[in-house]
Amino acid sequence: MTDTQAAVSTPALEGSPDWLRAYRLMLSIRLFEDRVNDLYQRKIMPGLAHLSSGEEGVAVGVCTALHDDDYITSTHRGHGHCLAKGAEPKLMFAELLGKAAGYCGGKGGSMHIADQQRGNLGANAIVGGSLGIATGAGLSIKQRGTTQVAVSFIGDGALGQGVLYEVMNMASLWQLPVIYVCENNLYGEYTLGSETIAGQPLDRAAAFAIPALEVDGQDVRAVYRATAEAVARARRGEGPSFLLCSTYRYFGHHVGDVDRGYYRSRDEEQLWRTQRDPITLARVWLEAEGLADSAGLEELADQLGRELEAAAEFAIAAPFPELDQVATDVFA
Amino acid sequence: MTDTQAAVSTPALEGSPDWLRAYRLMLSIRLFEDRVNDLYQRKIMPGLAHLSSGEEGVAVGVCTALHDDDYITSTHRGHGHCLAKGAEPKLMFAELLGKAAGYCGGKGGSMHIADQQRGNLGANAIVGGSLGIATGAGLSIKQRGTTQVAVSFIGDGALGQGVLYEVMNMASLWQLPVIYVCENNLYGEYTLGSETIAGQPLDRAAAFAIPALEVDGQDVRAVYRATAEAVARARRGEGPSFLLCSTYRYFGHHVGDVDRGYYRSRDEEQLWRTQRDPITLARVWLEAEGLADSAGLEELADQLGRELEAAAEFAIAAPFPELDQVATDVFA
Amino acid sequence: MSLPETEVEAVTEELTMAQAIRQAIAEEMRRDESVFVIGEDVAEAGTPFKVLSGLVEEFGTARVLDTPISEPGFTGMGVGAAMTGRRPVVDIMFGDFLGLAMDQIANQAAKVHYMSGGKLSVPLTIRTTMGATRRSAAQHSQSLHAWVSHIPGLKVVLPSTPYDAKGLMKSAIRDNSPVVFFEDKMNYQQRGQVPVAEYTLPLGVADIKRPGRDVSLIATSSMVLVALEVAQVLADEGIECEVVDPRTTVPLDRETLIESVRRTSRAVVVDEGHRSYGVGAELAAVVAEGAFYFLDAPVRRLGAMDVPIPFSPVLEDLTVPTAETLAETVRELCGGKTREGRA
Amino acid sequence: MSLPETEVEAVTEELTMAQAIRQAIAEEMRRDESVFVIGEDVAEAGTPFKVLSGLVEEFGTARVLDTPISEPGFTGMGVGAAMTGRRPVVDIMFGDFLGLAMDQIANQAAKVHYMSGGKLSVPLTIRTTMGATRRSAAQHSQSLHAWVSHIPGLKVVLPSTPYDAKGLMKSAIRDNSPVVFFEDKMNYQQRGQVPVAEYTLPLGVADIKRPGRDVSLIATSSMVLVALEVAQVLADEGIECEVVDPRTTVPLDRETLIESVRRTSRAVVVDEGHRSYGVGAELAAVVAEGAFYFLDAPVRRLGAMDVPIPFSPVLEDLTVPTAETLAETVRELCGGKTREGRA
Ligand SMILES: Cc1ncc(C[n+]2csc(CCOP(=O)(O)OP(=O)(O)O)c2C)c(N)n1
Ligand SMILES: Cc1ncc(C[n+]2csc(CCOP(=O)(O)OP(=O)(O)O)c2C)c(N)n1
Ligand SMILES: [Mg+2]
Ligand SMILES: [Mg+2]
């Protein structure tokens, strides 16, 4: 993907996506993050990371409807988005460990992974911080006359940030090809969303004349369908959409958030894990449809596990940046 | 009004307001601003001022429903709000001329008149800049347990500012006694509102579960009725309201904006002046109801004219601040 | 550390920085019902750094308010509440988020008193953090106290010890002007003696944390600890450092800074903001001007490198002033000689 | 003023500052279709100061975009458009409104390139204003260039003449990093000679606006004009001022500043930001350190008073440096004597 090269005509994706690939992606994200947690606990990873385990259906459902040259912007909880958009696990691990081989040469870390090869304009550690970027990418697309789209992943917490309403207004006025994907995982840090959100989130997008839809974020196919429609609309020049995806994060706000009884119950966590897991749900469906069998999926899991293990090992063995890198890349 | 002294129980205003007083107030605002324009043209007034002529119905309709100890915050176009809340013209003129006798000792000027005696927390030169202040005043009222209300006057241009949505969310969540009064005069500076507002403004407040109502801003009685209801609700602890008042400014964005043919027509201006003038409409009603007669109103106009002339003369003759005032009031 | 001024204060207890700050706020909330706390995750969570743990249990959710993630909105509301009889303590979780609230802070809070000719006032305290090396990368590691120090109408506090933090926080809350209070997040677990009895410390009075005759180390916030460490090390080498902590950048106690440098004739300024156009520039300019005729060498400045803070530990550690870089700078400045040696 | 470097440039025309800026933007828009303008009232109105008049007529509303009053939103969009192949010129009508957009500017625009390890870049220009004495009061009169100068990753331009403005604006637009361009609103009608032929001026090169041997006046933006006026006056009194204009605070041409002061041995820094923690502090600290062994007197600083800008003309005029206050400062500094006199 290059920005100057106009994208070839890209109609709405036709036919059914490769659901096995989608399953594989979700599983990679899960296994990737299990290893991130492990690297944290073994004190190999510096700092903290925000795991998206439980939310894989949203990342994969959305990105399955995108082309390589479409843009995404992501959040502090961005590993899933990044992998779903095609990032290589070993370069991500390397970034998380602050190594030179990482996507950002170790300068960004977990919250700033960007991968311009795949249209990933970057995770963002400011809640709502990438809304302007995604909407500006939409403006750029419109000015350049391509049929790309820009997806802005945000959390429900970002509904509190005024900039969301500013950019939705302009996206609507100018009919920009932007899709706001809100991952409603019920919490912003340690506070319940219902304590911070007056009214209905969908109404907020609708008030700006933006088509808004609630989607079951645990159902990767539902997420895909809703996104594909929004994408098709955007590519036709019919402007922005807003998708509210209900989902859940299994772990704490970040890897260090272990004692979370004061803000949510183990029961609630268990319920989501056992009843609403996007990977299990997809697996049941794949098997029911005869698109995969249990043995094949076990085999796949083993294989992914080995690949991710190797990726993590690569990152652990990789060298840190040269010290002179501290002062490069300040100016372009 | 003092903040620490709890307000006595203040039920919804009962009975009909004194409409002659309301008429008188509207007329004073009109005549006041005619003189401001004159002071500008005669180069007696430093800087610029934003006249609200044509919008008197909103300021007076709203403030007629308020008590002295209720709060308002105002905008760059704030003379009307200030006078309607009870400010003295001579101290306002003095402020506009940068004189020591002015409300702010000459330090504020047209865009920063505040009058804490009457609950006026200040005009504001930042579009949307006083939304936080008004909403915070609402929080303060709730914490102090009084029955005051806080009114935030904003222009339609402030619908573009994200902070509006942030504070409406909190006002709604916490059921704060705040009334957002949006003066929709069709323009923000030199740009038509319809070019900058996607969707319907009322939906934006409604999306935060805030009762929202459109009101004819040229009908002072309609503005009063809508405000009185919102005030009553707020005093009962039932939270915020949003009033969208359609109105029009007769003059330019500021006194220097004389050639405005490129953004709006003379015809449009004439139409509002001749068909929709809030003062004329009130006068017709007063006379029809037998609450006033033509001669009496002419007499009133003359009297007000003389009073305002004297007020302006006072300000012209008043001394500038002592030079040492430049460094006072930086810290409280 | 300044000694407590009265006998009563002589009874002390050991507190962490976080505990001292919490105590200060709790005491002021008990003393004055108009004081309240507002911000993200300040109630049950007690902030991510647990600085406010326990407050909501004592004072309830009416006085410890969890907000949506709306920095401009709740900061503006703090201004309005302050103008109408309350004393809000607004919590901005990371100093990096100040950018979101700068309009409310600089255009509203800072100016209301002046613009109204002194009729309205804004007794508001904004707590926020600063400090790098937590492996939090560029958007969670900044020390942006220069921004607010530049805006007339704001007072700015940079405490370096639990004792200072408690006494200055209480003064900040009681102050009738808006005060921005910066807490170095790497310092929260630092311990120190704090009087058991009530005390406050005035805003605008620098503190000589360690006297010395060879060179003045003018240090802020956690850099005071670095300076004290260096002073200890260099004492063995025969260089006597005076460690001067301005404690507040506004008001700035110029006299104490200048006098110290006039005595020592050399100065190094150490501050964790970016070096260029930072607080260190002002401190350096003030002493370079005020002690000009007494200086034996140029005033040196150490600050964070002029780069966004990188994530990788090996890089991040290079960006901030350390005991090593400071010691090296002082040694260079003193030309290997103490004042005595030179005399 | 630096002389044009090539023969072709020798043909000049007289332009106002506003015209020079408009020309620069128009030329770049013609040259590169990825350049566009976005902001409030930039199209038909051509901004309140009419700086952009005519652009929408030539380039249409697809490249000259009127926005809602949403500084954070459209600044952020500028960042995103810049990251994806465009070269936006974002218009922030008054510098005072920077506070609304500081998160987008400091946390996003400034850091994207670094955080991404150099993979993404943000070729963004932000135009905004500075300067007081327009009787616009506290929220429309600030000079906030210190805020952005402090943030690594941003370049900052402060042009003082039409010639500089045009050449630097063209470089700003072509630069692959975010650049904040400050225009003194009191200066828009100032006239000067500008080459008719294409030219650009590099960011990071100071300009000696007038050579002199007795004292260096290091002045920014409209303060350069004040300094030139003072230099003229003092020349008659036998004091030869060198007027040095850094032109960009980032990158800062330290060498030219320091060399000038080493030659003159005295320096006054004049900048219209608030005096404390302002750009002047950095400039003063840089020359005080770099020219320490050559200085005959302390480096003096003039800036706006540390008060919100008052409305009343009699007060406002006191807050900014003027030819009178600068001349007085220089006379004091030079002790009534020229270097020759002392020599
Ligand atoms: C502007 C800003 N304010 C506060 C924070 C601190 N913070 C980081 S994540 C977070 C909660 C975000 O919640 P949500 O958007 O729902 O995302 P989730 O973590 O649930 O995925 C907060 C408050 C921040 N990073 N940025
Ligand atoms: C944050 C901010 N952006 C821009 C401006 C410049 N400005 C002053 S008034 C105005 C238009 C305001 O329009 P509106 O809110 O509709 O009020 P009206 O002037 O129509 O009464 C603008 C853009 C400002 N003062 N503050
Ligand atoms: Mg969430
Ligand atoms: Mg309007």
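Here the structure is shown first, and the text comes after it.
A brief look at the structure comes next. Predicted model, so just to flag it, every value in this text is computed and none were measured.

With respect to the overall build of chain A
Line of reasoning, step 1. Scanning chain A from N- to C-terminus turns up 11 helices and seven strands.
Line of reasoning, step 2. In summary, chain A has a C-alpha radius of gyration of 19 Å against a globular reference of 20 Å for 332 residues, a match within 12%.
Line of reasoning, step 3. In chain A, which comprises 332 residues, the proportion classed as buried is 64%.
Line of reasoning, step 4. For chain A, contacts bridging at least 24 residues in sequence account for 74% of all contacts bridging at least 6.
Line of reasoning, step 5. Carbon and sulfur atoms form 52% of the exposed surface of chain A, whose accessible area is close to 11300 Å².
Line of reasoning, step 6. One finds the centroid of the 28 positive side-chain charges in chain A at a distance of 1 Å from the centroid of its 43 negative side-chain charges.

Some points on the site of ligand 1
Line of reasoning, step 1. Around ligand 1, a shell composed of 22 residues is seen, among which A:His76, A:Arg77, A:Ala125, A:Gly157 and C:Glu71 lie nearest.
Line of reasoning, step 2. Residues close to ligand 1 are split across chains A and C.
Line of reasoning, step 3. Note that a nitrogen atom of ligand 1 is positioned 2.7 Å from one of the backbone N or O atoms of A:Ala125.

Thoughts on the coordination of the magnesium ion (ligand 4)
Residue and element names in this part refer to chain B.
Line of reasoning, step 1. Around the magnesium ion (ligand 4), the donor atoms from the protein are Asp156 (OD), Asn185 (OD1) and Tyr187 (O), and they sit 2.0 to 2.1 Å away.
Line of reasoning, step 2. Of note, the donors binding the magnesium ion (ligand 4) are all from one chain and are spaced D-x28-N-x1-Y. Linking aspartate 156 in the loop between strand 2 (150-155) and helix 6 (163-173) with asparagine 185 in the loop between strand 3 (178-184) and strand 4 (187-188), this pair joins segments that are 29 residues apart in sequence.
Line of reasoning, step 3. Residue classification places asparagine 185 among the buried positions, given a relative accessible area of 4%.

Notes on the coordination of the magnesium ion (ligand 3)
Residue and element names in this part refer to chain A.
Line of reasoning, step 1. Protein ligation of the magnesium ion (ligand 3) involves Asp156 (OD), Asn185 (OD1) and Tyr187 (O), the donor distances falling in the range 2.0 to 2.1 Å.
Line of reasoning, step 2. For the magnesium ion (ligand 3), all donor residues lie on one chain, and their spacing in sequence is D-x28-N-x1-Y. Pair noted here: aspartate 156 is in the loop between strand 2 (150-155) and helix 6 (163-173) and tyrosine 187 is in strand 4 (residues 187-188), with a separation of 31 residues, a long-range link. With respect to burial, aspartate 156 and tyrosine 187 carry one shared label: buried.

What about empty space enclosed by the protein?
Line of reasoning, step 1. Overall, the coordinates contain 14 cavities of 30 Å³ or more when judged by the stated rule.
Line of reasoning, step 2. When its volume is computed, the largest cavity comes out at roughly 160 Å³.
Line of reasoning, step 3. Taken together, 16 residues line the largest cavity, and the ones lying closest to its centre are B:Glu166, C:Pro72, C:Leu100, D:Pro72 and D:Leu100.
Line of reasoning, step 4. Elements with a contribution of two residues or more to the lining of the largest cavity: helix 6 of chain A, helix 6 of chain B, helix 4 (98-109) of chain C together with helix 4 (98-109) of chain D.
Line of reasoning, step 5. Its residues assigned to classes, the lining of the largest cavity comprises six nonpolar, six polar and four charged.

Analysis parameters
- Residues numbered from 1 in each chain as written.
- Chains lettered and ligands numbered in written order.
- Predicted model: local features only at pLDDT ≥ 70, side-chain atom pairs only at ≥ 80, totals over all residues.
- Heavy atoms only, no water.
- Helix = DSSP H or I, 4+ residues; strand = E, 2+ residues; numbered from the N terminus.
- Rg over C-alpha atoms; globule rule 2.2 N^0.38 Å.
- Buried < 20%, exposed > 50% of the residue type's maximum accessible area, 1.4 Å probe, protein only.
- Contact = heavy atoms within 4.5 Å.
- Areas by Shrake-Rupley, 256 points an atom, 1.4 Å probe, with all protein chains shown as cover.
- Lys, Arg positive; Asp, Glu negative; His and termini not counted.
- Charge placed at Lys NZ, Arg CZ, Asp CG, Glu CD.
- Near = heavy atom within 4 Å.
- Polar contact = N/O pair within 3.5 Å; in protein donor to acceptor, adjacent residues only side chain to side chain.
- Donors = N, O, S within 2.8 Å, 3.2 Å for Na, K, Ca; no water.
- 1 Å grid on protein atoms, 1.4 Å probe; cavity = no way out; pocket = protein on both sides within 12 Å on 5 of 7 lines; lining within 4 Å.
- Points joined across faces, edges and corners; volume = space filled by probe spheres on them.
- Nonpolar A, V, L, I, M, F, W, Y, C, P; charged D, E, K, R; others polar.

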